[in-house]
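# Per-entry structural report
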Amino acid sequence: MKSKVLTCLCLVSSILVNAQMAKEEHTKKQKAIIAKAKLGISQIELGNEKLINGSITQLEVMFSSQPSSRFIIEYGIGFSQFNGNDIDQGEYVYFKNNNLRLPVNVLYSHDFNRDVALVFGLGTYGIYYASTKMTGYYEGKGAGVNVGASSLMGANFKISEKLGFRMMAEVQRDLTKIEEANDINFRERMNALLSLSFVFKL
């Protein structure tokens, strides 16, 4: 009887120790700093009719936490620049927007193997139009703030215990429009981006 009790106590102790070690290991890995570079195509929507095609570049620095082994929450600050052009009544029209971004993403991670994980999720962001140049339509600074949504999908690659990188595809869309006194309203109608991120675990 005593040997059975002793065996049970040893088993329980072993389970508790392993659970604590797993918890500590997860705690070590649950926070990270992420540096992202994104490049893609974009459309600016003017009013309800005119669409301006161009390129977009984004840079972000994110802080991430992992409330569980599967879910990742990211939040941080970023900068984006849109460049495009158009022909309006025979004249060349140039568009350039410099924006400040505040993104928040919720991601789900599924391990494909020991060093590769599939990652996908949804995000939201606030975008401040710091500097806007739309020749013939609107030029100025501090045009306003839009709110948008995004979807993300890609893969995370482990390099070491402290370092990894991600390759992601992302689609973004402003849900609101900047409205100016001259009746010009605009937004980023659709951004399609590819990104490369470096993940530094804390």
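Residues numbered from 1 in each chain as written. Predicted model: local features only at pLDDT ≥ 70, side-chain atom pairs only at ≥ 80, totals over all residues. Heavy atoms only, no water.

## Some words on the overall build of the chain
- Across its full length, the chain holds one helix and nine strands.
- Its helices and strands in sequence order give the chain the pattern α-β-β-β-β-β-β-β-β-β, from N to C terminus.
- Residues counted as buried form 37% of the 202 residues belonging to the chain.
- When contacts within the chain are restricted to residue pairs at least 6 apart in sequence, those whose partners lie at least 24 apart make up 61%. (Helix = DSSP H or I, 4+ residues; strand = E, 2+ residues; numbered from the N terminus. Buried < 20%, exposed > 50% of the residue type's maximum accessible area, 1.4 Å probe, protein only. Contact = heavy atoms within 4.5 Å.)

## Section: empty space enclosed by the protein
- Summed over the entire model, instances satisfying the criterion amount to one cavity of 30 Å³ or more.
- Considering only enclosed or pocket space, the largest cavity measures out at about 40 Å³ in volume.
- Together, Lys36, Lys38, Glu74, Leu107, Leu152, Arg166, Met168, Glu170, Ser195 and Ser197 line the largest cavity.
- Looking at the lining of the largest cavity, the elements with two or more residues in it are strand 1 (31-46), strand 7 (163-174) and strand 9 (185-201).
- Per element, the largest residue contribution to the lining of the largest cavity is three residues, and it comes from strand 7.
- Residues that form the lining of the largest cavity fall into these classes: three nonpolar, two polar and five charged. (1 Å grid on protein atoms, 1.4 Å probe; cavity = no way out; pocket = protein on both sides within 12 Å on 5 of 7 lines; lining within 4 Å. Points joined across faces, edges and corners; volume = space filled by probe spheres on them. Nonpolar A, V, L, I, M, F, W, Y, C, P; charged D, E, K, R; others polar.)

## Remarks on the side chain of threonine 132
- Looking at the secondary structure, you find threonine 132 in strand 5 (residues 116-134).
- Apart from residues no more than four positions distant in its own chain, threonine 132 is found in contact with Lys96, Asn97, Tyr138, Glu139, Gly140, Ala143 and Phe186.

## Examining the pattern of salt bridges
- Inspection of every chain in the model, using the stated rule, returns nine salt bridges.
- Here glutamate 74 ties to lysine 36 by a salt bridge, and the two come within 2.9 Å at their closest N and O atoms. Highlighted residues: glutamate 74 in strand 3 (residues 71-88) and lysine 36 in strand 1, separated in sequence by 38 residues.
- Across the pair arginine 101 and glutamate 60 runs a salt bridge whose closest N-O atoms are separated by 3.7 Å. Here arginine 101, found in strand 4 (residues 91-111), pairs with glutamate 60, found in strand 2 (residues 50-65); they are 41 residues apart in sequence, far enough to count as distant. Residue arginine 101 shares its accessibility class with glutamate 60, and that shared class is buried.
- A single salt-bridge network, built from bridges that share partners, covers Lys38, Glu60, Arg101 and Glu170. (Salt bridge = Lys/Arg side-chain N within 4 Å of Asp/Glu carboxyl O.)

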